[in-house]
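Below are the chains, spelled out letter by letter.
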Amino acid sequence: MMLSELRAFDRFKVVSIHTGRETGRRLADMGFTNGSEGTVMRCGFLHGPLHVCVGGYQLLVRYSEAAAVEIEVLEYAPHGSRRALGGGQGRGKGRPAAACHVCEDAPAPAGTRPRARPRVTCLDPDEVTGDVQP
Amino acid sequence: MKERLIVAIAGNPNCGKTTIFNAITGAHHKVGNYPGVTVEKREGHCRFRDRQLLVVDLPGTYSLTAYSPDEVAARDFLLNEKPDVVIDVMDSSNLERHLYLCLQFKELGVPVIGALNMADEAEAAGVQIDAAQLSRLMGIPLVRTVGSQDRGIEDLLQAALALADAVSPASLAEASRHQLNYGSELEERLAGLVALLQADTVFLARYPLRWLAIKLLEKDVDAYARLADHLQGAAVRRLAEESAHWLEQHFGRDAEIVVSEQRYAFVHGAVQETVTRRLVTRQTLTENIDKVLMNRLLGLPFFLLVMWGVFKLTFALGEAPVGWMDSLFGVLGGLAGRLLPEGLLRSLVVDGIIGGIGGVFSFVPLIIILFFLLSILEDTGYMARVAFITDKFLHIFGLHGQSFLPMILGFGCSVPAIMATRTLRGTRDRIVTALVVPFMSCGAKLPIYVLLAGAFFPANPAAAVMAIYGSGVALAFLSALLFKSTLLRGEATPFVMELPPYRSPTWRGLFWHVGEKTLTYIKKAGTVILLASVLIWAATNFPALPQTAQLKTLPPAEQARLSLEYSLAGRFGRVIEPLVRPLGFDWRIGVAAVTGFAAKEIVVSTLGVMYAQANSDDSGSLMGALRADPLFSPLVAFCLMLFMLIIPPCFATLATIRAELGWKWLGVSVAYLLILGWLVTFAVYNVGRLLAWGL
């Protein structure tokens, strides 16, 4: 499924980017990478740009660019907040907690595996000096 | 220990980079352009612990690709100037993308120190960073700072100098061994490329080879271009292409994306390990404002209301200072007139030089106010929202959401409008926007429209003026489409942009923005306008009409008309008459169009002189004179308005186009506007005549 098919307040996880060159690179640079999670905040009028929150950043992407981002839906927005036609700016009372940082820390919805904590190795263990000012 | 150090300040846009720069350098900085591109380059000096620092503010970027001039400027600076230390400014409340860029700086083989900026905001938002651990993971020193309050700047500089002093060939070689590990598949390919690149010792000395190898895998055009100097360039190129192809087969996506995913994977891990975030930090204020400003129904009307307010306020506040400027130059002109003997010199000084400089400076108050208001909109973060609202429509015509602001500004004055195209990141978007800005009728063209519409469309002059404005807007969009499908063809520039949180602008920031823009205007436009005014003055005064006794008996208005007819400009008008004849004009209109290059409102006063109206400010009598002329009909008047709308703008605008885009695009612009202006007017005139409109 592609990012462009989502509507306001749907939560998603990026699978991969299906475009190369400048557009693909820009998307990747801005944080659309395998595994990053986000929320659609609002969709522009008539397939206008999407306002998306990915990994804590608020980004604008064109509909055509969003159509190149393959995603996996984590959670659809509650019914009341979605408009019947087109990707609306969700209105109604059942607005979910869609603020940006929440998308990172909210408990994983049922049916998704908890993320494995990645192992990180130091880039340069020898160079660590006392320069750090707490 | 070096006495003089070069310190580069780098980082994402919107992370407080410029605040840190200002905090370090204070008021001692100058603004220029990077060679070859109009990306702004700030440089400043400061003394710290008896060392002289040259501080360079690199353009804010998200990455270091070859796609945008900003990023190329930043990485060329790091590669060629080899700064002694790079301060990477990061927004502590959301580190991931900043660390992603930081990895790329490290790969360039320059000593990097990280500034965890906006530390106060991050703490308030409940973000806690284990700086010691993060510093170990990234392999760079980190310092907490709050640029807006000058906190941590001393520590930052001290740590930066310590890092710069510790740099030695050995430490650099050591650092180059401890880089991000891209995983065995990529590392194998990288090792192969590095081994081949090493064969050329000149290359070994000039570039960090691992960085070059990564760039080759990313299919970076600039990196491939650099291979031309390599002894075994062809072999490296072949291997690089094979490797990138293999990666794409293996991972099933673009090689560039594979590389950036590896970087992000590391960054994600590092952030998970070192950053803790208290749950739920909803930016409810920003969200609530966005709900209104980015609303699909309210957003656009609100924006138009804001722009209307900006214009109203600019002209309301600017009226008085513009008047002061005018009277100041009036007084200067009067003074010079009294001091100098009657004759050519006086005329040159009073009408040519003082008049010309006065013309430039009378705009300055307006520019200051306009840019002040726009900087507020820009600094608060509203402009990015405007792009969201307008992009859909503009994209149809090959423009960008951010093209909207310069185009709206064009209704005020094309000079600041073309300068405002700098906010556009994509070079092609920028060029197209600047090329279509002249179609937005500027304030100086309004007097021409008012004169002609008042004289020939007395029933409804406003409708005639609106029709001209509307034609301009339509031509702007159609021309954009034309340019985008011919000269500036290519893939659409990605729109992907960040939506910054709302911030209240700081006085210091506003002051710098406005000061820089105003100085640029005075310097760039000022010199050219002065020259142009002197040239136009010469063309309308030389050769001088022989003073005969008969002439002296004529009224002064008649004398002025005859002397203009006799001058170079008058003769030029005669020469080009065959060109404007098919448009329904005669030589007098040709002359008016030529003098209009100095400033468009001069067209009205030239017509005044031509029709021997002594008092050219009295447009009522000029209207009468125009109506009495058998040449004019409503159709011709409309064609003249159209012609004035399209033909190339004033010298100030042309000078700005040259400064921003270079001679080539200035040539394109002038040729296009001349040809289009002639063709459109010709078509309207002849179709109108056939259908007997307004004869």
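Residues numbered from 1 in each chain as written. Chains lettered and ligands numbered in written order. Predicted model: local features only at pLDDT ≥ 70, side-chain atom pairs only at ≥ 80, totals over all residues. Heavy atoms only, no water.

*Asks:* Which parts of the structure should I look at to understand the confidence of the model for chain B?
*Replies:* Parts of the model with low pLDDT should not have their predicted coordinates read in detail. Residue and element names in this part refer to chain B. Per-residue pLDDT for chain B has a mean of 84; in total, 94% of the residues score no lower than 70. Here strand β2 (residues 29-33) stands out as the least confident element of chain B, with mean pLDDT 68; helix α32 (residues 663-690) is the most confident, with 94. Overall fold confidence for the complex sits at a pTM of 0.77, while the interface term, ipTM, reaches 0.77. (pLDDT = per-residue confidence, 0-100. Helix = DSSP H or I, 4+ residues; strand = E, 2+ residues; numbered from the N terminus.)

*Asks:* Just checking my understanding: could you explain the confidence of the model for chain A for this structure?
*Replies:* Residue and element names in this part refer to chain A. Predicted confidence across chain A gives a mean pLDDT of 69, with 58% of residues reaching 70 or more. Segment residues 82-122 is flagged for pLDDT under 50; beyond a separation of four residues in sequence, or across chains, it makes 89 contacts in the model. Below pLDDT 50 for its whole length, residues 124-134 participates in 22 contacts with residues either more than four positions away or in separate chains. (Contact = heavy atoms within 4.5 Å.)

*Asks:* Explain the pattern of salt bridges to me, please; I cannot follow it from the model alone.
*Replies:* Applying the stated criterion across every chain yields a total of 35 salt bridges over all chains. Residues Arg42(B) and Asp57(B) are paired through a salt bridge, measuring 3.5 Å at the closest nitrogen-oxygen approach. With Arg42(B) in strand β3 (residues 40-48) and Asp57(B) in strand β4 (residues 51-57), this residue pair connects regions lying 15 residues apart in the sequence. Among the charged side chains, a network of salt bridges with common partners joins Arg25(A), Arg26(A), Asp29(A), Glu71(B), Glu107(B), Lys215(B), Glu218(B), Glu256(B) and Arg263(B). (Salt bridge = Lys/Arg side-chain N within 4 Å of Asp/Glu carboxyl O.)

*Asks:* Sorry, what's going on with the packing of aromatic side chains here?
*Replies:* Any two aromatic rings considered together are summarised by their centre-to-centre distance and by the angle between their planes. All names here are of chain B. Within the structure shown, the criterion is met by 17 aromatic pairs over all chains. Following the ring pairs from residue to residue traces out a cluster consisting of Phe302, Phe303, Tyr382 and Phe404. Here Arg189 stacks its cationic end above the ring of Trp246, 3.7 Å away from the centre of that ring. (Phe/Tyr/Trp six-rings, centres within 6.5 Å; stacked < 30°, edge-to-face > 60°. Lys NZ or Arg CZ within 6 Å of the ring centre and 35° of its normal.)

*Asks:* Please explain the nonpolar core as it appears in this structure.
*Replies:* Nonpolar side chains in soluble globular proteins tend to be buried together. Residues and elements named next belong to chain B. Membership of the largest hydrophobic core comes to 95 residues, with the highest contact counts inside it found for Phe439, Leu452, Phe585, Phe632 and Ile646. Ranked by residue count, the leading element in this core is helix α30 (residues 634-646), at eleven residues. Setting aside anything within four residues of it in sequence, one finds Phe585 in contact with Val580, Leu631, Val636, Cys639, Leu640, Phe643 and Thr681. Among the nonpolar cores identified, the runner-up in size contains 62 residues, and Phe105, Leu186, Leu227 and Phe266 belong to it. (Core = buried A, V, L, I, M, F, W, Y, C linked by side-chain atoms within 4.5 Å. Buried < 20%, exposed > 50% of the residue type's maximum accessible area, 1.4 Å probe, protein only.)

*Asks:* So what exactly am I meant to see when it comes to the pairing of strand β2 (residues 37-43) of chain A here?
*Replies:* Taken residue by residue, a regular strand's side chains alternate between the two faces of the sheet. Residues and elements named next belong to chain A. Within β2, seven of the seven residues are buried, leaving the element largely enclosed by the surrounding structure. Here β2 pairs with strand β3 (residues 50-54) via five bridges, running antiparallel. Bridge assignment links Arg42 to a residue of β3, and that residue is His51. Turn length for the β2-β3 hairpin, with the two strands adjacent in sequence and antiparallel, is six residues, and the turn residue Leu46 shows positive phi of about 50°. (Pairing = 2+ DSSP bridges.)

*Asks:* Even after reading the chapter, I still don't get the sheet that holds strand β10 (residues 497-498) of chain B, so can you show me in this structure?
*Replies:* Strands belonging to one sheet form pairs held by backbone hydrogen bonds; the direction of such a pair is parallel or antiparallel. In space, the six strands of this open sheet follow the order β5(A)-β1(A)-β2(A)-β3(A)-β4(A)-β10(B), with antiparallel pairing throughout. Lying at the two open borders of the sheet, with one neighbouring strand each, are β5 (69-75) of chain A together with β10 of chain B. Pairing of β3(A) with strand β4 (residues 57-61) of chain A involves five bridges; the strand directions are antiparallel. Pairing of Leu50(A) across the sheet is with Val61(A), part of β4(A).

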